[in-house]
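Here are the chains, one letter per residue:
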Amino acid sequence: MGFCTSLFLLLASLSTILAQDVEDVKLIVNATAVVADTDPNFICATIDWWPHDKCDYNHCPWGYSSATNLDLSHPLLVKAVQAFKHLRIRIGGSLQDQVKYNVGNLKSPCHPFAKMKDGLFGFSKGCLHMNRWDELNHFFSKTGALMTFGLNALHGRHQIKKGVWGGDWDSINANDLINYTVSKGYQIDSWEFGNELSGKGIGASVGVEQYGKDLIKLKAMIEKLYKNFHSKPLLVAPGGFYDKEWFAKLLKVSGSNVVNVMTHHIYNLGAGIDPHLAKKILDPHYLSRVSETFSNLKQTIQTNGPWASAWVGESGGAYNSGGRHVSDTFINSFWYLDQLGMAAKYNTKVYCRQTLIGGNYGLLNTTTFAPNPDYYSALMWHRLMGQGVLAVDSDVSPFLRSYAHCSKGRAGVTLLLINLSNHTDYKINVETSTGINPHVKDRTSKGEISFAQGLKKTVLWVGSKSTDEALSREEYHLTPKDGDIRSKTMILNGKQVELTDGGDIPALDSLLLDVNSPISIAPLSIKFIVFPNFNAPGCK
């Protein structure tokens, strides 16, 4: 074992000794069957439409990060997306339903967004020129990203009263855009209809009967324009906050196999200006409240539209551009990774983070394009957590969050641990659902077999060699620089995570540890643990 690794383990041990409390806990991972499945590209991020003069609380954090003006040639942006191989990116947001597409027979002027007192969200209608659409598609092709594009669902409607819009959707402009897209051979993974128009809406709303009728029209349009394609883009809707009655009725009105994906938005931390954001993030009871939304949506789909799946189409934690000095710091990863784990457990197929870049909650810094801590959290989830979700039972404090998945791209199981406590170090005893304990010390001198030998005998673990040393685990321990949870710098296994001298995304290397060594997690830290030899029948 190298000096750096030994030093890190020594320091980790010291942090355990200095912690106010040490608590022994037991986690039972049931790897005999998966309880849910995610999409292979579960991690998703958004690109919004907000102009540089979009401001909240006397702060304007968007810069040039919108779909119309983002520097798509910036090397850090390209490398950050390519690191995921196929990152799903959703283009959409509040101004989506005011975007006109400068293509075909558009009869009205097509101008950029501008501040307008009486406009929806304080802005005029905006414009997407086809040269920019070309640039966006070339960027997606170059980086291997998958595109979900949000269509303007208010086009042609009129305002009935404040916040309520009626009338048929004018599909001509959208039809021309999709037709142009098909003619150019651009690959679109999914078309989304509208943004936050469901239920009472945010800024604007459309009745569910009308919405369902217009979705049937859009589905027919997609089927016609992609008639010569074996695989057609998904139809995604409604991209709004979950409303049980509205969502259920939309599935009934639109009918079987019209909507492929039901998207909902989550901002469960409240307003970005809330001085209690950090407190909420570290409160396990507050974080768990949103599980009711995931559970209810899952039931709504099972009951009313089992052909559809659930996505989180947009989630930034705190709304109105996120929280300054919170959403872009280490502490936000406690919320973010917990959300990913919780969403997956309730059979959410895709989780779109607001944003890839822009606002205070971007995965990338709006000015420098350098990754914020949550970028690395997302990348590690993407690389380590596979599609199959496994059940984890525990007798642990709610301050220790635990999620298990089949490992990605290989055999084994990956465990995610999140310690929200600021004073408790958890000593973790991981067991399989059949009762085998992965952390029993070697007691062969007392006539008992070692854990590794027991694993081979019980065929719960498969080692490539016949020695105990062949059985190991990989750990990725995430902490903030200098112990400051508001730090914008992440520490991985004792080393600062930063771009290489050449501006590349750094290697995110694990610590390789003997499987018999004890597992612990320090206060206010996060750990991914990969058990590559874990024989998980449910993952096959």
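Structure: see above.
Rules used throughout
Residues numbered from 1 in each chain as written. Predicted model: local features only at pLDDT ≥ 70, side-chain atom pairs only at ≥ 80, totals over all residues. Heavy atoms only, no water. Helix = DSSP H or I, 4+ residues; strand = E, 2+ residues; numbered from the N terminus. Buried < 20%, exposed > 50% of the residue type's maximum accessible area, 1.4 Å probe, protein only. Contact = heavy atoms within 4.5 Å. Polar contact = N/O pair within 3.5 Å; in protein donor to acceptor, adjacent residues only side chain to side chain. Axes fitted to C-alpha atoms, helices over the stretch in contact; angles between N-to-C directions. Parallel < 35°, antiparallel > 145°, perpendicular 65-115°, else oblique. Salt bridge = Lys/Arg side-chain N within 4 Å of Asp/Glu carboxyl O.

*Asks:* Explain the environment of Gly494 to me, using residue names and the numbers behind them.
*Replies:* Here Gly494 is to be found in the loop between strand S23 (490–492) and strand S24 (495–496). Taking the C-alpha atoms as reference points, Gly494 and Tyr476, 18 residues apart in sequence, are found 9.8 Å from one another.

*Asks:* Lay out helix H2 (residues 75–82) with the relevant residues and their values.
*Replies:* Residues of H2 that are buried: Leu76, Leu77, Val78, Ala80 and Val81. Buried residues belonging to H2 abut strand S4 (88–91), helix H3 (130–143) and helix H11 (373–384).

*Asks:* Quick rundown of the side chain of Ser377? Include the residues and the values.
*Replies:* On the secondary structure map, Ser377 appears in helix H11. You can call Ser377 buried: its relative accessible area is 0%. A distance of 2.7 Å separates a polar atom in the side chain of Ser377 from a polar atom in the side chain of Ser333. Contact partners of Ser377, with chain neighbours within four places excluded, come to Ser333, Tyr336, Leu337, Leu478, Met490 and Phe528.

*Asks:* Explain the packing of H2 against H3 to me, using residue names and the numbers behind them.
*Replies:* Contact geometry of H2 with H3 gives a least axis separation of 9 Å together with a crossing angle of 50°. Put simply, H2 runs oblique to H3. Where H2 abuts H3, its residues Leu77, Val78, Val81 and Gln82 lie against Phe139, Lys142 and Thr143.

*Asks:* Any chance you could break down the pattern of salt bridges for me, citing the residues and the numbers?
*Replies:* Under the defined criterion, the tally for this structure stands at 17 salt bridges. The shortest N-O distance in the salt bridge between Asp168 and Lys213 comes to 3.2 Å. Pair noted here: Asp168 is in the loop between strand S9 (164–166) and helix H4 (172–184) and Lys213 is in helix H5 (residues 208–225), with a separation of 45 residues, a long-range link. A salt bridge links Asp374 to Arg353; the nearest nitrogen and oxygen atoms lie 2.7 Å apart. Taken together, the positions of Asp374 in helix H11 and Arg353 in strand S17 (residues 348–353) put the pair 21 residues apart, joining distant regions of the chain. Grouping residues by exposure puts Asp374 and Arg353 together as buried. Connected through shared salt-bridge partners, Asp39, Arg88 and Asp189 make up one network.

Keep in mind these numbers describe shape, not what the thing actually does.
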